[in-house]
Amino acid sequence: MTASFPALRLRRLRAHDWSRRLHAENVLTPSDLIWPVFVREGTSEREAVGSMPGVERLSVDLVVEAAREAADLGIPAIALFPNTPQEARDETGKESANPDNLMCRACRAVKDAGIPVGLLTDVALDPYTSHGHDGLLSEDGRILNDETLGVLAAQAVNQAKAGADIVAPSDMMDGRIGVIRHALEAEGFGDVQIMSYAAKYASAFYGPFRDAVGSGGLLKGDKKTYQMDPANRDEAMREVMLDLEEGADSVMVKPGLAYLDIVARVKDRFNAPVFAYQVSGEYAMMRAAMDQGLLDRDRAILEVLTAFKRAGCNGVLTYFARDAAKLLAA
Ligand code: PBG
């Protein structure tokens, strides 16, 4: 028996629902959620993503409906990811700079409809390249870091022109945040935010996403020369430091659940807005268990998202955003 017992009984505060609510240290709300949405060509087309039960690729008109639904549910922002038609992909990903590409059309459609939702756009070449890498490749298959920077900056400006509120570079090239920040300023988009995928790990948990955007089958090799080694923690701090110095407004840790130690450290050290991406593989893993009746769906969704907040996240990109917002409204 410790000396403090029975003066201290921590169970006292847990005894009733009202008391548990009163003493909750973190509260999940729909304002914490960013909903990733996959975009495809066509009109009134919705197509199931095989690797992600319950997730669909939507044509632009249906993306507008999804954006409206997000706004109605109190979800502040959606993140758009294009499934570029295979014939529009090439070695250099030049479709990324096309002002009428799928991403830009989706942005304009949501903005033209006047929907009060933030638009986050992914900046990287992988949905546009025939090799599925996030950067340009040399003849012998090496990533050309510095040559890629201008292409990323052009992509970000292209998205800003189409109405993107937050550009989110996910490519992990060195120096990209600074180059993108300067390009946005130079083109008159000083108000566009940058949320950098700062600590992005080379993860097995992106597999279902690559199926969703159609880059998985194309990818030659892996992304280990630009995405981080899951073993590393100090390196994540250096990535975050550089991205904030180069002009990122907020930073992201990705994947989420297995990397909450990184979230907590980033939050403690930098006192900057931190987001985590509960990625496709995390979603697929949880869905598989839920669909088999092995997990209580509603409780599991809310528990994990609350854990992200406890770790220090300002918000979470999650494919459960709509489900969670509905649960929170109930
Ligand atoms: C592209 C990108 C990826 C994800 C977001 N942006 C995949 C990758 O880096 O291969 C993954 C998201 C997810 O798995 O849900 N640069």
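Residues numbered from 1 in each chain as written. Predicted model: local features only at pLDDT ≥ 70, side-chain atom pairs only at ≥ 80, totals over all residues. Heavy atoms only, no water.

- For the chain, an unreviewed UniProt entry supplies the name Delta-aminolevulinic acid dehydratase and the organism Pacificimonas flava.
- Under Sequence similarities (unreviewed entry), UniProt gives the following word-for-word description of the chain: "Belongs to the ALAD family."
- UniProt lists a comment for the chain under the heading Pathway (unreviewed entry), and it reads "Porphyrin-containing compound metabolism; protoporphyrin-IX biosynthesis; coproporphyrinogen-III from 5-aminolevulinate: step 1/4." (UniProt positions renumbered as here; feature names shortened; annotations may be inferred.)

## Some thoughts on the UniProt feature "active site" (unreviewed entry) in the chain
Consideration 1: Here the UniProt-annotated "active site" (unreviewed entry) positions come out as K200 and K254. Spatial clustering of the annotated residues is evident: they stretch over 55 residues in sequence, but the largest pairwise C-alpha distance comes to 4.9 Å.
Consideration 2: Secondary-structure assignment places K200 in strand 7 (residues 193-200).
Consideration 3: When near neighbours in sequence (up to four residues on either side) are disregarded, K200 contacts D134, S170, M172, Y206, Q227, M228 and K254.
Consideration 4: Side-chain polar atoms of K200 contact the backbone oxygen of S170, separated by 3.0 Å.
Consideration 5: Mapped onto the elements of the fold, K254 is located in strand 8 (residues 250-254).
Consideration 6: With relative accessibility at 8%, the residue K254 sits in the buried group. (Helix = DSSP H or I, 4+ residues; strand = E, 2+ residues; numbered from the N terminus. Contact = heavy atoms within 4.5 Å. Polar contact = N/O pair within 3.5 Å; in protein donor to acceptor, adjacent residues only side chain to side chain. Buried < 20%, exposed > 50% of the residue type's maximum accessible area, 1.4 Å probe, protein only.)

## A few points about the side chain of K309
Consideration 1: Position of K309 among the secondary structure elements: in helix 10 (residues 297-311).
Consideration 2: Overall, K309 belongs to the buried group, its relative accessible area being 18%.
Consideration 3: Residues within four places of K309 in sequence aside, it is in contact with N26, V27, L28 and D32.

## Details of helix 3 (residues 102-112)
Consideration 1: Those residues of helix 3 lying buried are L102, M103, C104, A106, C107 and V110.
Consideration 2: On its buried face, helix 3 is in contact with strand 1 (33-40), helix 2 (60-73), strand 4 (77-82), strand 5 (118-123) and helix 4 (145-162).

## A short note on the pattern of salt bridges
Consideration 1: Following the criterion strictly, the structure yields 23 salt bridges and no others.
Consideration 2: The partner of E47 in a salt bridge is R57, with the nearest N and O atoms 3.3 Å apart. You can see E47 sitting in strand 2 (residues 46-48) and its partner R57 sitting in strand 3 (residues 56-59), a full 10 residues away along the chain.
Consideration 3: Relative accessible area serves as the criterion here: at 31%, E47 is assigned to the partly exposed category.
Consideration 4: Judged by relative accessible area, R57 falls into the buried class, the value being 8%.
Consideration 5: D298 is the salt-bridge partner of R297, the closest N and O atoms lying 2.6 Å from each other.
Consideration 6: Judged by its relative accessible area of 35%, R297 is partly exposed.
Consideration 7: Each member of the salt-bridge network shares a partner with another, and the members are R40, E45, E47 and R57. (Salt bridge = Lys/Arg side-chain N within 4 Å of Asp/Glu carboxyl O.)

## Side note on the side chain of S203
Consideration 1: Note that S203 resides in the loop between strand 7 and helix 6 (207-212).
Consideration 2: Here S203 falls in the buried class, since its relative accessible area comes to 12%.
Consideration 3: Only 2.9 Å separates the side chain of S203 from the backbone nitrogen of F205, close enough to count as a polar contact.
Consideration 4: Beyond its immediate chain neighbours, meaning those up to four positions away, S203 contacts Q227 and P255.

## So, the UniProt feature "binding site: Mg(2+)" (unreviewed entry) in the chain
Consideration 1: Listed under "binding site: Mg(2+)" (unreviewed entry) in the UniProt record, and renumbered for this structure, are E239.
Consideration 2: Assignment of secondary structure puts E239 in helix 7 (residues 234-246).
Consideration 3: When sequence neighbours within four positions are dropped, the list of residues in contact with E239 reads M172, A198 and M228.

## Remarks on the packing of helix 9 (residues 280-291) against helix 10
Consideration 1: It is at 10 Å that the axes of helix 9 and helix 10 come closest, and there the two elements cross at 150 degrees. Taken as axis vectors, helix 9 and helix 10 run roughly antiparallel relative to one another. The hand of the helix 9/helix 10 crossing is right-handed. Packed against helix 9, whose contacting residues are E282, M286 and M290, the element helix 10 presents R297, A300, I301, V304 and F308 at the interface.
Consideration 2: Broken down by class, the residue content of the contact of helix 9 with helix 10 amounts to six nonpolar, no polar and two charged. (Axes fitted to C-alpha atoms, helices over the stretch in contact; angles between N-to-C directions. Parallel < 35°, antiparallel > 145°, perpendicular 65-115°, else oblique. Left-handed = near helix turned anticlockwise from the far one by under 90°. Nonpolar A, V, L, I, M, F, W, Y, C, P; charged D, E, K, R; others polar.)

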